[in-house]
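Spelled out, the chains give:
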Amino acid sequence: MRVAYLDVEESLLGRRWVGPGADVERQAELIAQQSGLARPLCALLARLGVPFAECDSYLSPKLRDLLPDPRSLKDMERAAERFLAAVKRGERIAVFADYDVDGGSSAALLIDWLRQMGRPATLYVPDRIDEGYGPNDAAMAALAKDHDLIVCVDCGTLSHDPIAAAVGADVVVLDHHLGGETLPDCVAVVNPNRQDEDGALGHLCAAAVVFLMLVEAGRQLRLAGERGPDLMAMLDLVALATVADVAPLKGVNRALVQQGLKVMAGRARPGLVALSDAARLERAPEAYHLGFVLGPRVNAGGRIGAADLGARLLSTDDPAEAQALAARLEELNAERREVEAAVRAAALAQAEERGLDGPLVWAAGEGWHPGVVGIVASRLKEQTNRPAIVIGLDGGEGKGSGRSVAGVDLGACVQRLASEGLLIKGGGHRMAAGLTVAEGKLEAAMERLGALLAKQGAGEGGAADLRVDGLLMPGAAQVELVQDLERAGPFGQGAPGPRYVVPDVRIGFVKVVGSGHLKFRADDGLGGRLEGIAFGAMDGPLGPALMNHGGKRFHLAGKLDINTWQGRHSVQLRLDDASPCHD
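Residues numbered from 1 in each chain as written. Predicted model: local features only at pLDDT ≥ 70, side-chain atom pairs only at ≥ 80, totals over all residues. Heavy atoms only, no water.

Asks: What is the right way to look at the overall build of the chain in this model?
Replies: Helix and strand counts for the chain come out as 20 helices and 18 strands. Here the C-alpha radius of gyration of the chain, 24 Å, is about what a compact globule of 583 residues would show, namely 25 Å. Referenced to the eigenvectors of the C-alpha coordinate spread, the extents of the chain come out at roughly 75 × 60 × 45 Å. Within the chain, counting contacts between residues at least 6 apart in sequence, those at least 24 apart form 65% of the total. Surface exposure of the chain reaches about 24,200 Å², of which carbon and sulfur atoms provide 49%. Of the charged side chains in the chain, 62 are positive and 77 negative, and the gap between their average positions amounts to 4 Å. (Helix = DSSP H or I, 4+ residues; strand = E, 2+ residues; numbered from the N terminus. Rg over C-alpha atoms; globule rule 2.2 N^0.38 Å. Contact = heavy atoms within 4.5 Å. Areas by Shrake-Rupley, 256 points an atom, 1.4 Å probe, with all protein chains shown as cover. Lys, Arg positive; Asp, Glu negative; His and termini not counted. Charge placed at Lys NZ, Arg CZ, Asp CG, Glu CD.)

In structure tokens, the structure reads:
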């Protein structure tokens, strides 16, 4: 086992700090010698596993080099042909979308594209509580009466009966959730996670699948001597969905997000402009902002408000409507935080009583809002380094959501439970899943799920090691350094950003801001100072320890951000963990 970094075996959050291995340091030195790049950037590329020969292409990913042929996915040509036929014939088109960011972004892509082609579309997003995830018989039958084509986005792969209920309408499914042994009877099911696909594109989110369908539609239009809308201008939606749905930032996903962030910086989409302004985002968004600032606000409608608010915001071309929708989502997001905090406290207490050392951490409670159980599951997963399921019970039935850890396929296990009759329904993908379970089968289902997850190695370790990239003195935290490191971005799932330890500092200023966040200043005693923010720190041991520091010195571990205030740029540390210094 590698020696703990700065001898931190157990931090304030109970984690062991681990620095780069000797192999990474050797590779970093090799890249530095041959490339002339700055040493911190070379160390980051080495840790990300980028060979020297690929450094240039990694730092400047080209979508034209990485974008797969849409026709490599089964049913793609058929889906695009039927979609274009509906456009050319002036048919009535409905878009049935999931209520999360990926579903809303997918719907917005289609609605925006159709609007530019002079065609309207009906948006339908099911209510999370009354209808649940995915197509249902009543909604599909009703849509089929008034529409010729229904396009299901970010859902539909397992919806055999609801799609059969769409009598009189054709159905196309554009999805990425795990498929079953059979597919629903419809025109096309385009899904890189169908069982008869090779999985090479299994890391795509639904919005990326929709984007590929529009690429194929554009190809077919060009063959007919016609032109379609500018797809590059729509990559802001694909970037938002990719990050918010926690898709790994590798291969084409990196290029989609990087290009999408450039589009977003142009502030051309009214919904994203209004949302950024409502969130007081004063700089061009980075991947972090998509996942933790914009994404939760888009999701807020589907969680505790009107399910279609997010998709309507992302698809509108009216700035006034966008501002009104963004303001409403901002209100709902604040309400969501309060609901989440109550459920999180109850779920953690229950999970701790049950035990946090097994392969699965789970909790279920009467009346827990189904709109926040996924977020709470994510918090439990982060805290325990184990797959987590949180379930809200109502009327003898539970609706739950789960989040997984790297290397453990939760979606497949949940789907297995459904096939075994332990769940009313369930599905998802590797990192997230949803389920519905009868209360009488809850204990048996969770026991079985734990056993299936254990076979994949879940629960074998303690709290996850905290990976750090090296030391950084406060005086070295300059805007130019952060900008140089950002060349290796975007950072996120599968490509974690650099995390540094600011060693042996005193906390010179500290105060609670917002909803339990902590703002502070670190002082190294040599004239170097660094501002910092610790989100949600007062909900755990980190905040109180820094608030009541009593003059102690700390090692601080976190990531560097560029903070923009009234046009001025400065560096701040986004704190992940801390450890008292030991003499």
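Asks: Is there a simple way to explain the pairing of strand β9 (residues 397–403) in this structure?
Replies: On any regular strand, side chains alternate: one points to one face of the sheet, the next to the other face. In the sheet, strand β8 (residues 388–394) pairs with β9 via seven bridges, with the strands oriented antiparallel. Each bridged residue has a counterpart across the sheet, and for leucine 393 the counterpart in β9 is glycine 398. (Pairing = 2+ DSSP bridges.)

Asks: Whenever I open this one, the nonpolar core confuses me. Can you help?
Replies: Soluble globular proteins: nonpolar side chains tend toward being buried together. Core analysis: the biggest nonpolar cluster contains 125 residues, and Leu45, Trp113, Leu214 and Leu556 have the highest contact counts within it. Sort the elements by how many residues they give to this core and helix α9 (residues 206–223) lands first, with 11 residues. Counting residues in hydrophobic clusters, the runner-up holds 24 residues, among them Ile391, Leu417, Ala433 and Ala445. (Core = buried A, V, L, I, M, F, W, Y, C linked by side-chain atoms within 4.5 Å. Buried < 20%, exposed > 50% of the residue type's maximum accessible area, 1.4 Å probe, protein only.)

Asks: In this structure, what is going on with the pattern of salt bridges? I would like to understand it.
Replies: Proximity of charged atoms lets side chains of opposite charge pair with each other. This structure, assessed with the given rule, holds 37 salt bridges. Note that aspartate 69 is salt-bridged to arginine 71, the shortest N-O span being 3.4 Å. Here aspartate 69 falls in the partly exposed class, since its relative accessible area comes to 39%. With a relative accessible area of 37%, arginine 71 lands in the partly exposed category. A single network of salt bridges, built from pairs that share partners, joins Asp69, Arg71, Glu77, Glu216 and Arg219. (Salt bridge = Lys/Arg side-chain N within 4 Å of Asp/Glu carboxyl O.)

Asks: Just to check I follow, could you spell out the sheet that holds strand β6 (residues 188–190) for this structure?
Replies: The strands making up a sheet associate through backbone hydrogen bonding, with each pair oriented either parallel or antiparallel. Read across the sheet, five strands follow the order β3-β2-β4-β5-β6 without closing on themselves; strand pairing throughout is parallel. The outermost strands of the open sheet, each flanked by one partner alone, are β3 (122–124) and β6. Mean inter-strand twist for the sheet, computed between neighbouring axes without regard to direction, equals 20 degrees. Relative to β3, strand β2 (residues 93–97) runs parallel, the two being bridged by three bridges. (Axes fitted to C-alpha atoms, helices over the stretch in contact; angles between N-to-C directions.)

Asks: Teacher, can you tell me more about the pairing of strand β16 (residues 529–534) here?
Replies: Pairing geometry for strand β15 (residues 517–523) and β16, over six bridges, is antiparallel. Counterpart to lysine 519 in the pairing with β16 is isoleucine 533. The pairing of β16 with strand β18 (residues 568–580) spans three bridges and is parallel. Note that in β18 the partner of glycine 532 across the bridge is leucine 573.

Asks: What's the story with the sheet that holds strand β10 (residues 425–428) in this structure? I'm lost.
Replies: Taken in spatial order, the five strands line up as β7-β8-β9-β11-β10 in an open sheet, and their pairing is mixed. Each edge of the sheet is formed by a strand with only one pairing partner; in this case those strands are β7 (361–366) and β10. Neighbouring strand axes in the sheet, compared pairwise and without regard to direction, differ in orientation by 15 degrees on average. Across four bridges, the pairing between β10 and strand β11 (residues 432–438) is antiparallel. Its bridge partner lying in β11, glycine 426 is registered against leucine 435. Each of β7, β8 and β9 touches helix α16 (residues 373–384); the most contacted strand, β9, lies at about 45 degrees to it.

Asks: How do you make sense of the side chain of histidine 549 when you look at a structure like this?
Replies: By the secondary structure assignment, histidine 549 is in the loop between α20 (542–547) and β17 (553–565). Among the polar contacts made by the side chain of histidine 549, one reaches the main-chain carbonyl oxygen of isoleucine 507 at a distance of 3.3 Å. Residues contacting histidine 549, with those up to four places away along its chain left out, are Ile507 and Phe554. (Polar contact = N/O pair within 3.5 Å; in protein donor to acceptor, adjacent residues only side chain to side chain.)

Asks: Help me understand the packing of helix α17 (residues 410–419) against helix α18 (residues 442–454) in this model?
Replies: Each pair of packed helices can be summarised by the angle the axes make with each other and by the distance between the axes. Two elements in contact, α17 and α18, have axes separated by 10 Å at closest approach and are oriented at 135 degrees. Comparing their axes, α18 and α17 come out oblique. Taken as a pair, α17 and α18 cross one another with a handedness that is right-handed. Mapping the contact onto sequence places Leu410, Cys413, Val414, Arg416 and Leu417 in α17 and Ala445, Arg448, Leu449, Leu452 and Leu453 in α18. A class-by-class count of the residues in the contact of α17 with α18 yields eight nonpolar, no polar and two charged. (Parallel < 35°, antiparallel > 145°, perpendicular 65-115°, else oblique. Left-handed = near helix turned anticlockwise from the far one by under 90°. Nonpolar A, V, L, I, M, F, W, Y, C, P; charged D, E, K, R; others polar.)

Asks: When you look at helix α13 (residues 287–304) in this model, what are you seeing that I'm missing?
Replies: Taking 1.5 Å per residue as the helical rise, α13 with its 18 residues ought to reach 26 Å, and the 25 Å between its terminal C-alpha atoms agrees with that figure. The largest bend in α13 is about 45 degrees, located at glycine 295, with the proline proline 296 one to four residues further on. Burial analysis of α13 places 16 of its 18 residues in the buried class, the great majority of the element. (Expected span 1.5 Å × (residues − 1). Bend = angle between axes of the 7 residues up to and from the residue.)

Asks: How should a negative patch on the surface be read in this particular structure?
Replies: A cluster of acidic residues, Glu366, Asp394, Glu397 and Glu439, forms a negative patch on the protein surface. Relative to the helices and strands, aspartate 394 resides in strand β8. For aspartate 394, a relative accessible area of 58% corresponds to the exposed category. (Patch = residues over 30% accessible without salt bridge, like charges linked within 9 Å, V, L, I, M, F, W, Y side chains within 5 Å.)

Asks: It is not clear to me how the environment of glycine 355 should be interpreted in this structure. Could you clarify?
Replies: Looking at the element boundaries, glycine 355 is found in the loop between α15 (319–354) and β7. The class of glycine 355 is partly exposed, set by a relative accessible area of 25%. Along the backbone, glycine 355 and leucine 237 are 118 residues apart, and their C-alpha atoms lie at a distance of 40 Å.

Asks: Is there a simple way to think about the packing of aromatic side chains in this case?
Replies: A ring pair, where both rings are aromatic, is described by two values, the distance of the centres and the angle of the planes. In this structure the tally under the stated criterion is three aromatic pairs. Ring centres 5.3 Å apart and planes at 45 degrees place the aromatic pair phenylalanine 83 and tryptophan 113 in the tilted group. Here tryptophan 113 lies in helix α6 (residues 101–116) and phenylalanine 83 lies in helix α5 (residues 76–89), a separation of 30 residues in the sequence. Of the two residues, phenylalanine 83 and tryptophan 113, neither departs from the other in class, the shared state being buried. Look at tyrosine 288 and phenylalanine 292: their rings are 5.1 Å apart centre to centre, the planes differ by 25 degrees, and that puts the pair in the stacked class. Taken as a pair, tyrosine 288 and phenylalanine 292 lie in helix α13 at a separation of four residues, close to a single helical turn. Across from the ring centre of tryptophan 362, 3.6 Å away, lies the NZ or CZ of arginine 354, which sits over that ring. (Phe/Tyr/Trp six-rings, centres within 6.5 Å; stacked < 30°, edge-to-face > 60°. Lys NZ or Arg CZ within 6 Å of the ring centre and 35° of its normal.)

Take it as geometry only, folks, not as evidence of what the structure does.
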